[in-house]
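For reference, the chains in residue letters:
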Number of protein chains: 2
Amino acid sequence: MNITVIKIGGNVVDDANARTEFYAQLSAIRSAVILVHGGGKVATELSSKLGIPTTMIDGRRVTDAETLRVVTMVYAGLINKQLVAELQSHGINALGITGADGNILRAHKRTHAQHDYGFVGDIDSVNTELLSQLVQANLLPVIAPLTHDGSGQLLNTNADTIAAQVASALAQTFTVDVIYCFEKRGVLRNVEDESTLIPSLTLTEYSALKANGVVAQGMIPKLDNAFDAIARGVHSVRITKYTHLDGGTLLHKGESA
Amino acid sequence: MNITVIKIGGNVVDDANARTEFYAQLSAIRSAVILVHGGGKVATELSSKLGIPTTMIDGRRVTDAETLRVVTMVYAGLINKQLVAELQSHGINALGITGADGNILRAHKRTHAQHDYGFVGDIDSVNTELLSQLVQANLLPVIAPLTHDGSGQLLNTNADTIAAQVASALAQTFTVDVIYCFEKRGVLRNVEDESTLIPSLTLTEYSALKANGVVAQGMIPKLDNAFDAIARGVHSVRITKYTHLDGGTLLHKGESA
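Residues numbered from 1 in each chain as written. Chains lettered and ligands numbered in written order. Predicted model: local features only at pLDDT ≥ 70, side-chain atom pairs only at ≥ 80, totals over all residues.

## Focus: the confidence of the model for chain A
Parts of the prediction with low pLDDT should not have their coordinates interpreted in detail. Residues with a pLDDT of 70 or more make up 99% of chain A, whose mean pLDDT is 93. Interface confidence for the predicted complex, given as ipTM, is 0.95, next to a pTM of 0.96. (pLDDT = per-residue confidence, 0-100.)

## A few points about unusual backbone geometry
All names here are of chain A. Positive phi, normally seen in glycine, also occurs at Asn138, with a value near 65°. Mapped onto the elements, Asn138 comes out in the loop between helix 5 (128-136) and strand 8 (140-143). Asn138 sits in the exposed class, given 11 other C-beta atoms within 10 Å. (Helix = DSSP H or I, 4+ residues; strand = E, 2+ residues; numbered from the N terminus. Buried ≥ 20, exposed ≤ 12 C-beta atoms within 10 Å, placed from the backbone.)

## Observations regarding the relation of the copies chain A and chain B
The transformation that overlays chain A on chain B combines an axial shift of 0.0 Å with a rotation of 180°, and the residual RMSD is 0.0 Å. On this basis, the relationship between the two copies can be described by a two-fold rotation axis. Of all interface residues in chain A, 100% are interface residues in chain B too; the two copies therefore contact each other through one and the same surface. (Least-squares fit on C-alpha atoms with pLDDT ≥ 70 in both. Contact = placed C-beta atoms within 7 Å.)

## So, the sheet that holds strand 1 (residues 2-8) of chain B
Residue and element names in this part refer to chain B. In space, the 8 strands of this open sheet follow the order 5-8-2-1-11-13-14-12, with mixed pairing throughout. Sheet topology places strand 5 (94-97) and strand 12 (200-201) at the edges, where each strand pairs with a single neighbour. Bridge count for strand 5 against strand 8 (residues 140-143) is 4 bridges, and the pairing is parallel. Bridge assignment links Leu95 to a residue of strand 8, and that residue is Pro141. (Pairing = 2+ DSSP bridges.)

## A few points about the sheet that holds strand 2 (residues 32-37) of chain A
All names here are of chain A. Strand order across the open sheet formed by 8 strands is 5-8-2-1-11-13-14-12, with mixed pairing between neighbours. The strands lining the two open edges of the sheet, one partner per strand, are strand 5 (94-97) and strand 12 (200-201). Note that strand 11 (residues 175-182) and strand 13 (residues 236-241) share 6 bridges and pair parallel. Counterpart to Phe182 in the pairing with strand 13 is Lys241. Its contacts with the sheet place helix 4 (residues 65-89) against strand 2, strand 5 and strand 8, and it is angled at close to 175° to strand 5. Where helix 6 (residues 159-170) meets the sheet, it contacts strand 1 (2-8), strand 2, strand 8 and strand 11, and its direction lies at approximately 175° from that of strand 1. (Axes fitted to C-alpha atoms, helices over the stretch in contact; angles between N-to-C directions.)

## Brief notes about the packing of helix 3 (residues 42-49) of chain B against helix 4 (residues 65-89) of chain B
All names here are of chain B. Contact geometry of helix 3 with helix 4 gives a least axis separation of 9 Å together with a crossing angle of 135°. Relative to helix 4, helix 3 is oriented oblique. For the crossing formed where helix 3 meets helix 4, the hand is right-handed. Side by side, helix 3 and helix 4 meet where Val42, Ala43, Leu46 and Ser47 of the first sit next to Thr67, Val70, Val71, Val74, Leu78 and Ile79 of the second. For the contact of helix 3 with helix 4, the class distribution of residues is 8 nonpolar, 2 polar and no charged. (Parallel < 35°, antiparallel > 145°, perpendicular 65-115°, else oblique. Left-handed = near helix turned anticlockwise from the far one by under 90°. Nonpolar A, V, L, I, M, F, W, Y, C, P; charged D, E, K, R; others polar.)

## Concerning the interface of chain A and chain B
Contacts between the two partners involve 34 residues from chain A, matched on the other side by 34 residues from chain B. Listing elements by their share of the side of chain A that touches chain B, those giving two or more residues are helix 4, strand 5 and strand 9 (146-148) of chain A. Take the side of chain A that touches chain B: its biggest share by element is 13 residues, from helix 4 of chain A. Among the residues forming the side of chain A that touches chain B, the class breakdown is 14 nonpolar, 15 polar and 5 charged.

Right, dumping it as structure tokens:
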């Protein structure tokens, strides 16, 4: 069985037109699909309305108890169920879950020497058996970026990381491709210029671009995650715009190509 | 296969101690279980914090677009995922869903001659095939009180009604019992006096009590739902406190007893 793990970011999640374009693209994919979604602006907006300060460290949200309540409501409730209801209307049998549901993603609370990120989880295990049962039943799992620790605690977990870890775990048994969908065409030589798309990238080429400072700072964690997934058996990773799921930048294991 | 459909109301959902007692009771049930939960006070509190007025008609929440966002966040996000994470910590493999997920509960927006209840759904169909697949995979589905119309619209739907309709639909294939769990011992002759529990009730007996005004006003929709489910093939319905899932008032089809 071939499985495509697709991650959509906040810019797709927040924009009704982008979602509609994305669903049309999704319908064209012939393999089984698992969708992972990010958060978007709604959690920050809701926190602000409720008077809960949003603290970011190095682009990551610090998740205190109140913020965890907000992201649980927004990610697992509002965003996840809106995606599911809309996918259903496009004839796609979506089933929305978090990592707690069916024990799909077990994690532990991150400990960090300098910063306390709060209720943020690093993944320990993926329930690949249940995920494969769901896709074999022709369901499309839609995963919100939350995990749990097995002791009743939900944890906030980065959606890019979830996509990479789910794909790596499933790659032990299935042929797995990953698509990171966002608002740009792919990996660009010049982040200001969409015509500078790099259509294909091996780890060796990426290392050179990174050393030369060509790759934009914000792309580095995404690309590191992606090449890590490839090293762990994922067939390919594509970084592309939500309007072209077969375009963008294709990352692959260069040596055997 | 025997399936028990259990509904817990807001008084259980809102109270950490009540939830813990309930999980202990739940672990003792030998059949497959499907859990349906109500809303509790959190949605009203969140609406109030966000300045969204709560309007009730005959004890039912009027669900405008803003209120639908709030109940989606609270029911499908906060409450559903808290229940799932806690059940997981008790060794119960819970999977939290709404009626949109896996197209479990298809509904239509209610039309009412006098009142506009807003985004409130009346159920048209139950995906019994998927529900039975989930319980056969040893998962415990936890259903939040939301449905969808198949055209991308989520709808707010009463949890008692969901429990009755899910049970009735599954009763075509399986032996199904229902437990309505709340904060009182069961159906009481005198709502102020817990010692006046009615341990067992047939439809004939219920009709007499209703005619005499013995049954409390708030219990009538619940009991009507329950006897309707029994008429449609559900084996029994129990109305009881969350501390005694095998106690309370047992409703059954008197004629064949």
